[in-house]
Amino acid sequence: MHKTGNVVVEGVAIGKIQFLNADYEEQIKRYMTGTEEEEKKRYQEAHTLAKDDLDSLLEDRDSLSENEAEIIEAHQLMIDDITFEDAILGYIEQKMSAPSAVLKAVDDFKAMFEEIDDEYLRERQKDIVDVGNRLLRKLLHMKEFSVVGADVILCAKDIEPSIMAGLSEKQVKAILLGSGSKTSHTVIIAKAKGFVTMVGVELDETEIADGDDIIVDAVKGEIILKPSEEELSRYKEQVQKQEEQRKYLMGKAKQPAVTTDGKEILVSANISRPTDMEKAVEYGCHGVGLYRTEFLFMESAQLPDEEKQVAAYRSVAEQAGGNLCVIRTLDIGGDKEIPYMGLEKDENPFLGYRAIRLCLDRKEDIYKPQLRALLRASAYGNIRIMIPLVTCIDELREAKALIEEIKAELDEKNIAYKKDIQVGIMVETAAASLIADIFAKEADFFSIGTNDLTQYTMSVDRGNKKVSYLYSTFNPAVLRSIRHIIACGREAGIMVGMCGEAASDPMMIPLLLAFGLNEFSMSASAILRARKMVTEYSVEELQAVADKAMSFATTAEVEDYMRKFVEKITG
Ligand code: PEP
Ligand code: MG
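Notes on the structure follow. (Residues numbered from 1 in each chain as written. Chains lettered and ligands numbered in written order. Predicted model: local features only at pLDDT ≥ 70, side-chain atom pairs only at ≥ 80, totals over all residues. Heavy atoms only, no water.)

Side note on the sheet that holds strand β5 (residues 172-177)
Read from one edge of the open sheet, eight strands run β1-β8-β7-β3-β4-β5-β6-β2, paired in mixed fashion. Single-partner strands in this sheet number two, and they are β1 (2-4) and β2 (6-9). In this sheet, neighbouring strand axes are inclined to one another by 30 degrees on average, regardless of whether the strands run parallel or antiparallel. Examined bridge by bridge, β2 and strand β6 (residues 196-199) share three bridges and lie antiparallel to one another. (Pairing = 2+ DSSP bridges. Helix = DSSP H or I, 4+ residues; strand = E, 2+ residues; numbered from the N terminus. Axes fitted to C-alpha atoms, helices over the stretch in contact; angles between N-to-C directions.)

This is the structure:
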């Protein structure tokens, strides 16, 4: 039987299914409620046991990545949170059983997070559910989850981040989730661990039981339950090929990406946190093409101070080991909010108070500390500063003037920084594209942000499903814009990179090479494939392909042509 799902981490895996279902409600129904005093005592005991578990998870720190350890530390704080505990004890005083009180308090906190109009922070409600479930398992005397055997394909409606953090790559081959978005903590950890992962998967335990064979084809987005011998042997071959391909690509990971006609191309990484560097470096990134610093701000309870920022930027620069390290200044607003900043809601968030506009308006408390931190960190690596969402040259000039002002302050105090630090821009608005020739004279480099450039060129909200049929980088208008930006940058002799999602699209790579793009920046998991593609093309020979693609009038025609071209090359 075949099922489908949405691919998050590509790959093929064969194994035995293991369901991770904890039916708390059923257990609560059978729970015998005691007196108020007894319930409080049971809660305190459960709290102690749950805390011990978290402590012992952290004791084995060597087996955890920094990211995983941070999540468990966050859970330690949450379980001791006074407001959370007061809410639980308050419900017990209102005659609820301890487990029901925990569930109710978790619901209250979840509702609070629900109000937050930011997908990433909203996902943090999973952490409170995670902590609540840990308490429930203790109260209901349920066994802690453990993976049985090897080659396990884990399936659950959702998996708590702390459970995901404890899973071993040696045992688990793939993860199938009923829910979960690409920004959830759980999925972030699954990606970091390199598990083949699909979300939106509905499996029923009446169709397949624990221990049955299952194949996950997270290339096609397909799941095969109880496969036939023929399917098993066909997929075993595919898994073997995948492993050989990975080993082959990893072997080339440290080599430069050179086209068949000798053009050296940088394939760098997009990261959101210093811990993302681990995989990026393993896959042989040629540096960092985009560090989205807003995550540092979104994951803090208040504005991160200068020291905290220096530490994060320095860590990325050091891990990049002298390679290019493009750090973008705060790009908040639009679809990214920071609740503690208490910003008014814009009517048109993507056209409003966002990124450089906000930073230039909040110089003292936000922009200057960030720029100072970036300059200080630049003493430890090859940092470049990148300004997002510029629309006019005045914004770049104002930012550069601020940087000069801070450099003078640092000189006075004898604080080290990279004197010739480059300051570039993201070209991601229609205005910046149209005057790219003007920008190229004053910006040290360009990085094309196709995620926004497409939305602003097509007048399509990048997150609105109803109009998503218009959102394509293959639209002739967007392609002309990209070609124009690259040409302006090349003419001025500056580096032109791309850090939007299009940079890792196999159908887009040949076009970008033909247009003359120097640097392709993408998430770590896309690097090996993109690097291989780059080495298969001759920029010279791609000119005719690009000319043909640019002659079409519709998105569909361009896509169709590029699909066929890439299929011909890859066989
Ligand atoms: C872009 O707009 O293409 C980009 C890389 O930035 P973000 O997705 O963070 O807006
Ligand atoms: Mg952008």
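Examining the pairing of strand β17 (residues 519-522)
A two-sided burial pattern is seen for β17, the buried positions comprising Glu519 and Ser521 on one face and Phe520 and Met522 on the other. In this structure, strand β16 (residues 495-498) lies alongside β17, joined through two bridges in parallel fashion. Among the inter-strand pairings, Met498 is bridged to a residue of β17, identified as Phe520. Read as a crossover between parallel neighbours, the route from β16 over helix α21 (residues 509-515) to β17 is right-handed. (Buried < 20%, exposed > 50% of the residue type's maximum accessible area, 1.4 Å probe, protein only. Right-handed = clockwise from strand over helix to strand, strands pointing away.)

Some points on the coordination of the magnesium ion (ligand 2)
Ligation of the magnesium ion (ligand 2) by protein atoms is provided by Glu428 (OE) and Asp452 (OD), these donors lying 2.1 to 2.2 Å from the ion. With Glu428 in the loop between β14 (423-427) and α17 (430-434) and Asp452 in helix α19 (residues 450-458), the pair connects residues that are 24 residues apart, well separated along the chain. Asp452 gets classed as buried once you look at its relative accessible area, which sits at 2%. (Donors = N, O, S within 2.8 Å, 3.2 Å for Na, K, Ca; no water.)

So, helix α5 (residues 98-114)
The terminal C-alpha atoms of α5 lie 24 Å apart, and with 17 residues this matches the ideal 24 Å at 1.5 Å per residue to within 8%. By the burial criterion, the buried members of α5 are Ala98, Pro99, Ala101, Val102, Ala105, Val106 and Phe109. Looking straight down α5, one finds that the buried residues subtend no more than 160 degrees of arc, so they occupy a single side. On the buried face of α5, the contacting elements are α1 (24-29), α2 (36-59), α4 (82-93) and α7 (125-139). (Expected span 1.5 Å × (residues − 1). Arc of directions from axis to C-beta. Contact = heavy atoms within 4.5 Å.)

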